[in-house]
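Single-letter residue listing:
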Amino acid sequence: GKTEFEKPLWDLFAQHDYDGVRAGIAAIQDKPPGWQPSSDLTDKLALAEANDKLVKASNAQQWGDVIDIAAANKMLLTCGDVDAIWRTAEALARTDDEPRALEAYRYILTSCAKREERLATVQKASQLLKSPEDLESLLRLGRRLPNGTSEFESVRLDLIRQKVGDAAAAKAGPEASQGEIDSLAAHARNASDRGDQQLLGWLAYSRKDFVQAE
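First, a word on scope: everything that follows refers to the structure included in this document. Owing to the predicted nature of the structure, the values given are computational and were not obtained by experimental measurement.

On to the overall build of the protein. Across its full length, the protein carries 12 helices and zero strands. Along the protein, helices (α) and strands (β) appear in the sequence α-α-α-α-α-α-α-α-α-α-α-α when read from the amino end. The 214 residues of the protein split such that 37% are buried. Counting contacts in the protein only where the partners sit at least 6 residues apart, residues at least 24 apart contribute 50% of the total. Looking at the protein as shown, the accessible area adds up to about 12,800 Å², and 51% of this sits on carbon and sulfur atoms.

Right, here's the structure in full:
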C-alpha cells in the first residue's frame with residue numbers, strides 16, 4: 001500500500017513534478033530510521049524521468065540520445081506509450097538505421113490495437129522510411145475492415161496520389177504501377193471529391209493520352 005509518507009510523493013508524481021518527488025524522498029529518508037520508498041514508486045519515477053528525457057532529446061533532434069535512452073529503458077516501449085516507440089523509430093530512421101526503425105513500427109502494428117495509433121504509425125513510417133518495400137510490408141499488416149478494405153487504405157491511396165502527382169508534374173520519383181493507378185481510378189469513381197479524377201486526368205494529359213484525360 002501507499003504509506004502515509006508516500007501519499008504526498010504520489011501527489012507530486014501525478015503533477016509530473018519528478019524533481020519534487022526526488023527531493024521528498026531525500027527529505028523523508030532522514031526521518032524514520034531505515035525508511036525506504038516503495039519499489040512501485042521508485043520504478044514508476046525512474047520510468048517517468050526516462051520518458052521525459054526521451055521526449056526532450058527527441059524534440060531537440062538529438063537522435064543518438066533518444067536511441068540510448070530507449071535502449072536503457074526498454075520498459076518505455078510498450079503499447080501503453082506508443083509515442084515513445086514513434087520517437088525511437090524516428091531517431092533510428094534519421095540515423096539511417098532503417099531495419100530497426102521498421103522493426104519498431106512493425107512491433108506496434110503486430111501488438112497494439114488502437115485504430116488511430118495504428119493509422120498514425122503507417123503515416124509516420126510513410127514520411128520517414130526510404131524503402132518502398134519496407135513501407136509496403138507495413139501496409140500489408142493492415143487489418144480488414146467490415147467493408148473489405150484495409151484499415152490503411154487511406155495511406156495507400158495518399159502514396160499513390162503522391163506518385164501520380166509527381167508523374168503528372170514530371171518530377172523524378174517512383175512510378176505508380178498500372179495496378180496502383182487502377183485502384184486510385186476505382187476509388188475516384190466512387191468518391192464524392194473530384195480531386196482524384198482531376199489528378200488522373202492530369203496524369204493522362206502528361207502522358208499525351210488525351211482521350212483518357214477527357
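The next subject is the nonpolar core. Ranked by internal contacts, the top residues of the largest apolar core, which has 34 residues, are Leu54, Tyr105, Val122, Leu129 and Leu138. Secondary-structure elements contributing two or more residues to this core are α3 (39-59), α4 (63-72), α5 (82-94), α6 (98-111), α7 (115-128) and α8 (132-139). Leaving out residues up to four positions away in the same chain, Leu54 has contacts with Val66, Ile69, Ala70, Leu76, Ala84, Arg87 and Thr88. Within the second largest apolar cluster, 11 residues are counted, among which are Trp10, Phe13, Ile28 and Trp35.

Okay, unusual backbone geometry next. You will see that His16, though not glycine, has its phi angle at about 60 degrees, which is positive. Tracing the chain through its elements places His16 in the loop between α1 (7-14) and α2 (18-29). A positive phi angle, close to 60 degrees, is found at Asp96, a residue other than glycine.

Its 12 residues give α2 an end-to-end C-alpha distance of 17 Å, which sits within 8% of 16 Å, the value for a rise of 1.5 Å per residue. Every buried residue of α2 is listed here: Tyr18, Gly20, Val21, Gly24, Ile25 and Ile28. Projected down its long axis, α2 shows its buried positions confined to an angular sector of 150 degrees, all on one face. In the core, the buried residues of α2 are packed alongside α1 and α3.

The final tally for this structure, using the stated rule, is one disulfide. Bridging Cys79 to Cys112, the disulfide has an S-S length of 2.0 Å. The chirality of the disulfide connecting Cys79 with Cys112 is left-handed, given an S-S dihedral of about -85 degrees. In this pair, Cys79 is assigned in the loop between α4 and α5 and Cys112 in the loop between α6 and α7, connecting sequence segments 33 residues apart.

With that settled, the discussion passes to the packing of aromatic side chains. In the structure shown here, the tally under the stated rule is two aromatic pairs. On the basis of an interplanar angle of 75 degrees and a centroid distance of 5.8 Å, the ring pair of Trp10 and Phe13 is categorised as edge-to-face. Placement of the pair is Trp10 and Phe13 together in helix α1, with a separation of three residues, close to one helical turn. Taking the relative accessible area as the measure of exposure, Phe13 reaches 17% and is therefore buried. An aromatic cluster of three or more residues is present, and its members are Trp10, Phe13 and Tyr18.

Quick look at the environment of Leu139 now. Here Leu139 is to be found in helix α8. The spacing of Leu139 and Val122 is 17 residues in sequence and 7.0 Å in space, taken between C-alpha atoms. When sequence neighbours within four positions are dropped, the list of residues in contact with Leu139 reads Val122, Ser150, Phe152, Val155, Arg156 and Leu159.

The next subject is the packing of α1 against α3. α3 packs onto α1 with a crossing angle of 20 degrees between their chain directions and a minimal axis gap of 12 Å. On the basis of their axis angle, the class for α1 and α3 is roughly parallel. Seen along the crossing, α1 lies across α3 with a hand that is left-handed. Residue-level contacts link Leu9, Trp10 and Phe13 of α1 to Asp40, Leu41, Lys44, Leu45 and Ala48 of α3.

Here is what the cut-offs are and how they apply
- Residues numbered from 1 in each chain as written.
- Predicted model: local features only at pLDDT ≥ 70, side-chain atom pairs only at ≥ 80, totals over all residues.
- Heavy atoms only, no water.
- Helix = DSSP H or I, 4+ residues; strand = E, 2+ residues; numbered from the N terminus.
- Buried < 20%, exposed > 50% of the residue type's maximum accessible area, 1.4 Å probe, protein only.
- Contact = heavy atoms within 4.5 Å.
- Areas by Shrake-Rupley, 256 points an atom, 1.4 Å probe, with all protein chains shown as cover.
- Core = buried A, V, L, I, M, F, W, Y, C linked by side-chain atoms within 4.5 Å.
- Expected span 1.5 Å × (residues − 1).
- Arc of directions from axis to C-beta.
- Disulfide = S-S within 2.5 Å.
- Phe/Tyr/Trp six-rings, centres within 6.5 Å; stacked < 30°, edge-to-face > 60°.
- Axes fitted to C-alpha atoms, helices over the stretch in contact; angles between N-to-C directions.
- Parallel < 35°, antiparallel > 145°, perpendicular 65-115°, else oblique.
- Left-handed = near helix turned anticlockwise from the far one by under 90°.

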